[in-house]
Amino acid sequence: MDGDPAVEPVLDRFSRILPLPYRVALIIVLGIWAWGLNLHYLSLIRIDVPSLIRYPARNSPHHPPHYLSCYRVATALTIPLVLSLLLFWTLTNGSPSDIAAWEILPNLYLLVLVIGFFVPIPFVSRNGRHRTLATLKRISIGGIAEAQDGKFGDILLADALTSYAKILGDLFISLCMFFSSSHSSTGPPNRNCGGAFWVPFVISVPSLIRLRQCLTEYSRVQKANKQSGTINPATGWGGVHLANALKYSTAFPVIILSALQRSPEPSKYGMSEATLFRLWLAAVFINSAYSFWWDVMRDWDLTLFSSKERDNPDYPWGLRRHRWFHAKEIYYAAIWTDAILRCTWSFKLSPHLDHFNDLEGGIFLMEALEVLRRWIWIFFRVECEWVRNHRGPAPDDILLGDMSSSMYDESD
């Protein structure tokens, strides 16, 4: 696990300050803080997130609210992270050889992070920890609970994992390099560590999880309709779940083509670099456009892309009648932010920024921005689910040409 003298001199400045294992840990901890902020703000506007995800309720008013427990966990993980970073900076002082020699420090923190999920923490609810681990175990194989057992929570967590896909890939790379005899996990990241298959596979896992969940929901709808002998008007025939599965499947061509572009000899696949780039560009555009459309139309139930509903004078253009956030500008800002952050790949089209996504600092920034996008998305996804529960359920299956929900009818 000692650093290779042949590669250590090319360690970039950003990696000297924040080696790969620390980047992974930092974004995971930031994600926990972000979830606490989600819970905190939504509770202030009287959206009961725990009830939506069927999370264990507080049995006593003396128990801390859920967001406070989340803040405590985040604090307990942040303090050792800061101390570990300060010690690492003090011991290495930016020296590539010392950075390689002290790679044990960031990896010890990753171990602390993993243990923190499985070992009881005094100020964290035992029931809550058990529920979180049970949910992780269920969704890790693409499982999904029934609606009354917390399906919405499974969907939220699995969707969050899709935003952490590249971070999971970095975690695999970091561990692979740590146990490699020729690389240091704090050295220049070897994104081909473990061969050409494993990193793309790890990045694909969150999308595979959501794909299987969508197919499971489709199967449940089909089974229920078959048993009743008729199509339930509330659930339809399940086509919306197939459309959602298709959305997640569009991630795989992007992952595969990205891996081929990183190959040292892309020509051996029978395609030139230019052809691979064009195919990747088409795949990433389809994935981003489809995902953005789904965010707005299905996850947030907005009418922006519905020609029949968006001009309705009963509510602001492109939004919906029933909204929990009072200011319409918040919705427009979220739409624009989601669109921009869905298209960060467009940097590669700029002659001045085309290598930005290849720099370690650029990769870290893109990963952090995706977590930021997901954090914003959660506010509106939870708000939408709360409105659905309090204004009547939206149909679960609508023709793709008009996916606006009938929940916005005046007669709710």
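Quick caveat: nothing in here was measured; it's all calculated off a predicted structure.

**Details of the overall build of the protein chain**
Phase 1: Broken down by element type, the protein chain carries 15 helices and zero strands.
Phase 2: For the protein chain, the proportion of its 412 residues judged to be buried stands at 47%.
Phase 3: Sequence separation of at least 24 residues holds for 69% of the intrachain contacts in the protein chain that already meet a minimum separation of 6.
Phase 4: Surface exposure of the protein chain reaches about 20600 Å², of which carbon and sulfur atoms provide 65%.

**Quick word on the confidence of the model for the protein chain**
Phase 1: Taken residue by residue, the protein chain gives an average pLDDT of 86. The fraction at 70 or more is 89%.
Phase 2: Taking the mean pLDDT of every element in the protein chain, the minimum, 83, falls on helix α7 (residues 126-139) and the maximum, 97, on helix α14 (residues 328-342).
Phase 3: pLDDT under 50 marks residues 1-9. Its contacts with residues more than four places away, or in other chains, come to 22 contacts.
Phase 4: With pLDDT under 50 throughout, residues 393-412 is counted as low confidence; its partners more than four residues away or in other chains account for 55 contacts.

**Observations concerning the packing of helix α10 (residues 198-228) against helix α12 (residues 251-262)**
Phase 1: Where α10 contacts α12, the axes come no closer than 10 Å and their chain directions differ by 175 degrees. Between α10 and α12, the interaxial angle falls into the category roughly antiparallel. In contact with Pro200, Ile203, Ser204, Ser207, Leu208 and Leu211 of α10, α12 contributes Ala251, Phe252, Ile255 and Ala259.
Phase 2: Residues belonging to the contact of α10 with α12 are distributed by class as follows: eight nonpolar, two polar and no charged.

**Some points on the side chain of Thr162**
Phase 1: By the secondary structure assignment, Thr162 is in helix α8 (residues 151-163).
Phase 2: Among the polar contacts made by the side chain of Thr162, one reaches the main-chain carbonyl oxygen of Asp159 at a distance of 2.4 Å.
Phase 3: Side chain to side chain, Thr162 and Arg374 meet in a polar contact 3.1 Å long.
Phase 4: For Thr162, the contacting residues outside a window of four places in its chain are Pro206, Ser207, Arg210, Tyr248 and Arg374.

**A short note on the packing of aromatic side chains**
Phase 1: Taken as a whole, this structure holds 23 aromatic pairs when the rule is applied.
Phase 2: Arranged with centres 5.8 Å apart and planes meeting at 85 degrees, the rings of Tyr41 and Phe379 form a pair that is edge-to-face. Taken together, the residues Tyr41 in helix α2 (residues 20-44) and Phe379 in helix α15 (residues 360-391) connect sequence positions 338 residues apart.
Phase 3: With a relative accessible area of 37%, Tyr41 lands in the partly exposed category.
Phase 4: Ring geometry for Phe292 against Phe305: centres 5.8 Å apart, planes inclined by 85 degrees, an arrangement best described as edge-to-face. Taken together, the positions of Phe292 in helix α13 (residues 273-299) and Phe305 in the loop between α13 and α14 put the pair 13 residues apart, joining distant regions of the chain.
Phase 5: Given a relative accessible area of 15%, Phe292 falls into the buried group.

**Some thoughts on α10**
Phase 1: For α10, built from 31 residues, the straight-helix expectation of 45 Å at 1.5 Å per residue is met to within 8% by its first-to-last C-alpha distance of 44 Å.
Phase 2: Where α10 bends most, the angle comes to about 40 degrees, and this point is Val205, followed within four residues by the proline Pro206.
Phase 3: At the exit of α10 stands Gly229, carrying a positive phi of roughly 80 degrees.

**Brief notes about the side chain of Ser174**
Phase 1: Positionally, Ser174 belongs in helix α9 (residues 165-178).
Phase 2: Looking at Ser174, the relative accessible area reads 0%, which means it is buried.
Phase 3: For Ser174, the residues in contact, after removing those within four places along its chain, are Leu20, Pro21, Asn107, Leu110 and Ser185.

**Some thoughts on the pattern of salt bridges**
Phase 1: Evaluated as defined, the whole model comprises 17 salt bridges.
Phase 2: With a shortest N-O distance of 2.6 Å, Arg191 and Asp170 are connected by a salt bridge. Taken as a pair, Arg191 in the loop between α9 and α10 and Asp170 in helix α9 lie far apart in primary sequence, 21 residues in all.
Phase 3: Accessibility expressed as a relative area gives 18% for Arg191, which makes it buried.
Phase 4: One connected set of salt bridges, linked through shared partners, spans Asp295, Asp338, Arg342, Glu370 and Arg373.

The rules behind the values
Residues numbered from 1 in each chain as written. Predicted model: local features only at pLDDT ≥ 70, side-chain atom pairs only at ≥ 80, totals over all residues. Heavy atoms only, no water. Helix = DSSP H or I, 4+ residues; strand = E, 2+ residues; numbered from the N terminus. Buried < 20%, exposed > 50% of the residue type's maximum accessible area, 1.4 Å probe, protein only. Contact = heavy atoms within 4.5 Å. Areas by Shrake-Rupley, 256 points an atom, 1.4 Å probe, with all protein chains shown as cover. pLDDT = per-residue confidence, 0-100. Axes fitted to C-alpha atoms, helices over the stretch in contact; angles between N-to-C directions. Parallel < 35°, antiparallel > 145°, perpendicular 65-115°, else oblique. Nonpolar A, V, L, I, M, F, W, Y, C, P; charged D, E, K, R; others polar. Polar contact = N/O pair within 3.5 Å; in protein donor to acceptor, adjacent residues only side chain to side chain. Phe/Tyr/Trp six-rings, centres within 6.5 Å; stacked < 30°, edge-to-face > 60°. Expected span 1.5 Å × (residues − 1). Bend = angle between axes of the 7 residues up to and from the residue. Salt bridge = Lys/Arg side-chain N within 4 Å of Asp/Glu carboxyl O.

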